[in-house]
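Listed below are the residues making up each chain.
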Amino acid sequence: MSETIFSKIINKEIPSDVVYEDDLSFAFRDINPQAPVHILIIPKKPIPQLTDAAISDQELLGHLMLVANKVAEMEGVVDAFRLVLNNGAGAGQEVMHMHFHLLAGRSFTWPPG
Ligand code: AMP
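The structure reproduced in this document is the subject of the present report. (Residues numbered from 1 in each chain as written. Predicted model: local features only at pLDDT ≥ 70, side-chain atom pairs only at ≥ 80, totals over all residues. Heavy atoms only, no water.)

## Side note on helix H2 (residues 58-75)
For H2, with 18 residues, the first-to-last C-alpha span of 26 Å sits near the 26 Å given by 1.5 Å per residue. Where H2 is buried, its residues contact strand S1 (18-21), strand S2 (25-29), strand S3 (37-43), strand S4 (82-84) and strand S5 (100-104). Taken from the residues just after H2, Gly 76 is the one with a positive phi, measuring 75 degrees. (Helix = DSSP H or I, 4+ residues; strand = E, 2+ residues; numbered from the N terminus. Expected span 1.5 Å × (residues − 1). Contact = heavy atoms within 4.5 Å.)

## Some points on the packing of aromatic side chains
Here the structure, examined in full by the defined rule, presents two aromatic pairs. Ring centres of Phe 26 and Phe 28 lie 5.9 Å apart, and the angle between their planes is 50 degrees; this geometry places the pair in the tilted category. Across this residue pair, the class does not change: Phe 26 and Phe 28 are buried. One aromatic cluster is present, built from ring pairs that chain together Phe 6, Phe 26 and Phe 28. (Phe/Tyr/Trp six-rings, centres within 6.5 Å; stacked < 30°, edge-to-face > 60°. Buried < 20%, exposed > 50% of the residue type's maximum accessible area, 1.4 Å probe, protein only.)

## Some thoughts on the layout of surface pockets
Space inside the largest pocket adds up to approximately 830 Å³. Along the walls of the largest pocket sit 31 residues, with Asp 30, Gln 34, His 38, Asn 86 and His 101 positioned nearest its centre. At the level of secondary structure, the elements contributing two or more residues to the lining of the largest pocket comprise helix H1 (5-10), S2, S3, S4 and S5. Per-element tally for the lining of the largest pocket: the top contributor is H1, with three residues. Taken together, the residues of the lining of the largest pocket break down into 15 nonpolar, ten polar and six charged. (1 Å grid on protein atoms, 1.4 Å probe; cavity = no way out; pocket = protein on both sides within 12 Å on 5 of 7 lines; lining within 4 Å. Points joined across faces, edges and corners; volume = space filled by probe spheres on them. Nonpolar A, V, L, I, M, F, W, Y, C, P; charged D, E, K, R; others polar.)

## Quick word on the environment of Val 71
Examined against the element boundaries, Val 71 turns out to sit in helix H2. Between the C-alpha atoms of Val 71 and Val 95, which are 24 residues apart in sequence, the distance is 21 Å.

These results come straight from atomic positions and should not be treated as a statement about function.
Have a look at this one:
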């Protein structure tokens, strides 16, 4: 797949405000935050969108959810946060490297819009 800005962030070719990193995942603050806490959680493996994930990615996907819990704990927002994944351009995905948005620190409405 073609390189995205997120692979350059993982490789530290471009700077980011890193919150958490391990062998499989990377979490950093969104450059255009939509809430007081807005962190992107991404796999290091360049899966373009969730629907490109395979059965062999099952453990990785579960790991990303647990990283979300860990990041929420670190940010002091474990009681209330929203985890968003936009799958495909029609859903608002702009960067084709799958990612969760962890949003917290304000109230949220439903439906999300
Ligand atoms: P999406 O629209 O779901 O693909 O989300 C992409 C997100 O990446 C947006 O919220 C952008 O603000 C964010 N973003 C784009 N470039 C950067 C960057 N260099 N550092 C941090 N966040 C970024």
